[in-house]
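So the chains spell out like this:
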Amino acid sequence: ITYLEHDRDKKDVGAYYTPTDVTRLIISQTLDRKVKDILVETFASHATPPTEAVEESMREDSLEKILRDIEQGEGWFGDTNGLADAEEKILNLKTVDPACGSGHFLTSLMTGIYRVWEAIYRGRHGRENPGEKEVYEARKQIALQAVYGVDINPIAVEIAKLRLWLKVIEGIEWERSFGPLPNIDMNITTGNALVGLPVQRSNGLPFWADDVEKLASLREEHKYDSEGRKKDIIDVQEESIKPRYNDAFINQFNEKYEWEPSSHKEFKAFMDSLSISDFSEIFSNQYIRVENDGDDPLSEQQKNFLENKDFTLYKWVAKLRFKDLVDSFVVENKLDRNEAKSKAYEWVKSIGEENLTLQSVERQPTEYDISNIQSEPLHWSVIFPELTSNGTDDHNIQFDVIVGNPPYGNILNNSERLFVNYNLVGYNQDVSTPFVERQCQLLSEGGYFGNITTARLVYNGKTYRLHNFLRHRLGDVYFSSFGSRPSRIFKNADIRTSIITGKKETTESKSSIY
């Protein structure tokens, strides 16, 4: 499947198609290991008597041998209750690719889960192969409840949906008697995986409302019963949920970070989004720092313009306290302070007429930044409400396996950087860093993580915070770095890459990185 995107090339969005041998390797280190954990723990619990020695003995075998023993009903793996229990757990795995592109990892996840289900089916049915209807039902169930994906590119998302749908009916002759085709569009969605709830430094959602419960119910109906209308789902999301959760998301940020507009056009758009009170609150106790809206030092004309307001002048920049600017309008125009703040607001907006722009200001994210990110915020627990933790108050969302080939490079815009700066590891000029952190945040205890990503995460000294983060969030972490293998990983892209894998385990001491 191919498609053309005229606006931006792959380098612009940091996206490259993942080769099949890479997806196989990552699946073997993530999904296969999780599946083995489930099978061993399940069949060990049904052994008579269930002992640690039995479980340890099972773990010595490879996944391939375990699957063969399941098919043949050998020993512990022939237990009828164990087979039924294992099938239910395998079909209820939760996996995701948070930068899924056109869906290569998603189809690999589906293939891997189906392989295990087929072995269990053969074990439960005397080594008989499943019929086409059974194959269809199993794949449909996997697609509807086990595989999830997100991407910033809406065209790629549509392709991913199509590829997963084709995988459901691959190699079988679908008949009307099999029932309706699956509505898999609920599990693969467009959004900015880095921007949205939950925020790394807070626990759970700021609130949970009845309309989210309603959304979860509508999604279930649409996916499984074909009764829920997609329009009803969209209406609840757009009219009721997203506006409130965007506000709740913004309110999570209580620290200020430096924001540097790329041009006066960007600065003016930001100013236009502010009320006078917002403007005053942001700039109070700060300097207004201005510079040439280009690469040149301040001109004499610009210096004269700024000197009239008593700015302190330097070669490249001029500065004045916000309070002093307001005071100048109070004195010159005999205004009260509120009227003077309004004048100051208009004056700062007008500096573009002198080819000037704001150099920087420390501020928290605002609604302007929500509207300025690529795509739209993805509030994970609200977009996929059926996956929230049951029986808890935090309504967090967690996945058993997270894999992907997230984007690389310094591609976040200024608004997006404000949001990711709030992460534990910050932003070190490469979008892959916050992507790794986000995935670890969404990973369940005992879950597995695997990415192919830039080798800068390994050798760049600025990523020490990420390394410390991984040591505290994952068990032993494995980096496999490649310059070539022996050819380039990505065709027509000279990129040094690393494969990172690990298991989420809570430990008091730091884990090792290999």
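In this numbering scheme, every chain counts its residues from 1 along its sequence in written order. Owing to the predicted nature of the model, reporting of local features is limited to residues with pLDDT of at least 70; listing and counting of side-chain atom pairs is limited to 80 or more, with chain, interface and lining totals taken over all residues. Calculation of side-chain values draws on the structure's entire complement of heavy atoms; hydrogens and water are dropped beforehand.

1. Considerations on unusual backbone geometry
Okay, so step 1: Note that the residue after T48, namely P49, is joined by a cis bond; omega there is -10°.
Okay, so step 2: With respect to the helices and strands, the residue P49 is situated in the loop between α3 (31–46) and α4 (52–59).
Okay, so step 3: For the bond running from L197 to P198, omega is 0°, close enough to zero to count as cis.
Okay, so step 4: Counting from the N terminus, the helices are DSSP H or I runs at least four residues long and the strands are E runs at least two residues long. Here P198 is to be found in the loop between β3 (188–190) and α10 (210–225).
Okay, so step 5: Positive phi, normally seen in glycine, also occurs at S375, with a value near 60°.

2. Concerning empty space enclosed by the protein
Okay, so step 1: Only protein atoms enter the 1 Å grid used here, on which a cavity is any set of points holding a 1.4 Å probe that cannot leave and a pocket is any open set flanked by protein within 12 Å on both sides along at least five of seven lines; residues with an atom within 4 Å of a point are listed as lining. Grid points are joined across faces, edges and corners, and a volume is the space filled by probe spheres set on the points. Taken as a whole and assessed by the stated rule, the structure comprises 2 cavities of 30 Å³ or more.
Okay, so step 2: Approximately 40 Å³ is the volume found for the second largest cavity.
Okay, so step 3: Lining the second largest cavity, in full, are I241, K242, P377, H379, V382 and I383.
Okay, so step 4: Those elements that provide at least two residues to the lining of the second largest cavity are α11 (230–250) and α18 (380–383).

3. Some words on the packing of α3 against helix α6 (residues 80–91)
Okay, so step 1: Across the interface, α3 lies against α6 with an axial gap of 9 Å and an inter-helix angle of 150°. Taken together, the axes of α3 and α6 are roughly antiparallel relative to one another. Here α3 runs over α6; the crossing is right-handed. Packed against α3, whose contacting residues are V35, I38, L39, T42, F43 and H46, the element α6 presents N81, G82, L83, D85, A86, K89 and I90 at the interface.
Okay, so step 2: Three categories are distinguished: nonpolar for Ala, Val, Leu, Ile, Met, Phe, Trp, Tyr, Cys and Pro, charged for Asp, Glu, Lys and Arg, and polar for the others, with Gly belonging to the last. Considering only residue class, the contact of α3 with α6 consists of 7 nonpolar, 4 polar and 2 charged. Helix axes are fitted only over the stretch in contact, all axes being lines through C-alpha atoms; the angle between N-to-C directions runs from 0 to 180 degrees. Angular relationships are summarised with four words: roughly parallel below 35 degrees, roughly antiparallel beyond 145, roughly perpendicular across 65 to 115, and oblique for the angles in between. Crossing handedness: left-handed means the near helix sits turned counterclockwise from the far one by under a right angle, and right-handed means the same turn made clockwise. Working rule for contacts: check all heavy atoms of both residues, and any pair within 4.5 Å makes them a contact.

4. Description of the nonpolar core
Okay, so step 1: What is meant by a nonpolar core is a set of buried Ala, Val, Leu, Ile, Met, Phe, Trp, Tyr and Cys residues, joined one to another through side-chain atoms within 4.5 Å. Burial here depends on accessible area, computed with a 1.4 Å probe over protein chains only, as a share of the maximum for the residue type. Under 20% is buried, over 50% is exposed, and the range in between is partly exposed. Core analysis: the largest hydrophobic core is formed by 84 residues, its most contacted members being F283 and W380.
Okay, so step 2: Of all the elements, α11 adds the most residues to this core, at 6 residues.
Okay, so step 3: Once residues lying within four places of it in the same chain are set aside, the contact partners of F283 are F267, M271, I288, F322, L358 and V361.
Okay, so step 4: In this structure, L63, Y114, Y121 and V168 belong to the second largest nonpolar core, which totals 57 residues.

5. Looking at the pattern of salt bridges
Okay, so step 1: By convention in these notes, a salt bridge is any Lys or Arg side-chain nitrogen within 4 Å of a carboxyl oxygen on Asp or Glu. Applying the stated criterion to the full structure yields 29 salt bridges.
Okay, so step 2: For E87, the salt bridge is made with R124, and the minimal N-O distance between the two is 2.3 Å. Separated by 37 residues along the polypeptide, E87 in helix α6 and R124 in helix α7 (residues 104–124) bring together distant segments of the chain.
Okay, so step 3: A salt bridge links E170 to K167; the nearest nitrogen and oxygen atoms lie 3.4 Å apart.
Okay, so step 4: When its relative accessible area of 43% is taken as the criterion, E170 is described as partly exposed.
Okay, so step 5: Take K167: its relative accessible area is 19%, and that puts it in the buried class.

6. A look at the confidence of the model for the chain
Okay, so step 1: Of the residues in the chain, 89% have a pLDDT of 70 or more, and the chain-wide mean is 87.
Okay, so step 2: Within the chain, the element-level pLDDT minimum falls on helix α1 (residues 10–13), averaging 45, and the maximum on strand β1 (residues 95–97), averaging 98.
Okay, so step 3: Scored from 0 to 100, pLDDT reflects the predictor's confidence in each residue. Counting interchain partners and residues more than four positions distant, the pLDDT-below-50 stretch residues 1–15 has 22 contacts.

7. Observations regarding the sheet that holds strand β6 (residues 312–313)
Okay, so step 1: Paired strands are those between which DSSP finds at least two bridges. Read from one edge of the open sheet, 5 strands run β4-β8-β5-β7-β6, paired in antiparallel fashion. In this open sheet, the two strands that pair with only one neighbour each are β4 (257–259) and β6.
Okay, so step 2: Sheet analysis places strand β5 (residues 287–292) next to strand β8 (residues 356–363), joined by 4 bridges and oriented antiparallel. Bridging from a neighbouring strand, V290 pairs with L358 of β8.
Okay, so step 3: Contacting β5 and β8, helix α13 (residues 276–283) runs over the sheet at an angle of about 75° to β8.

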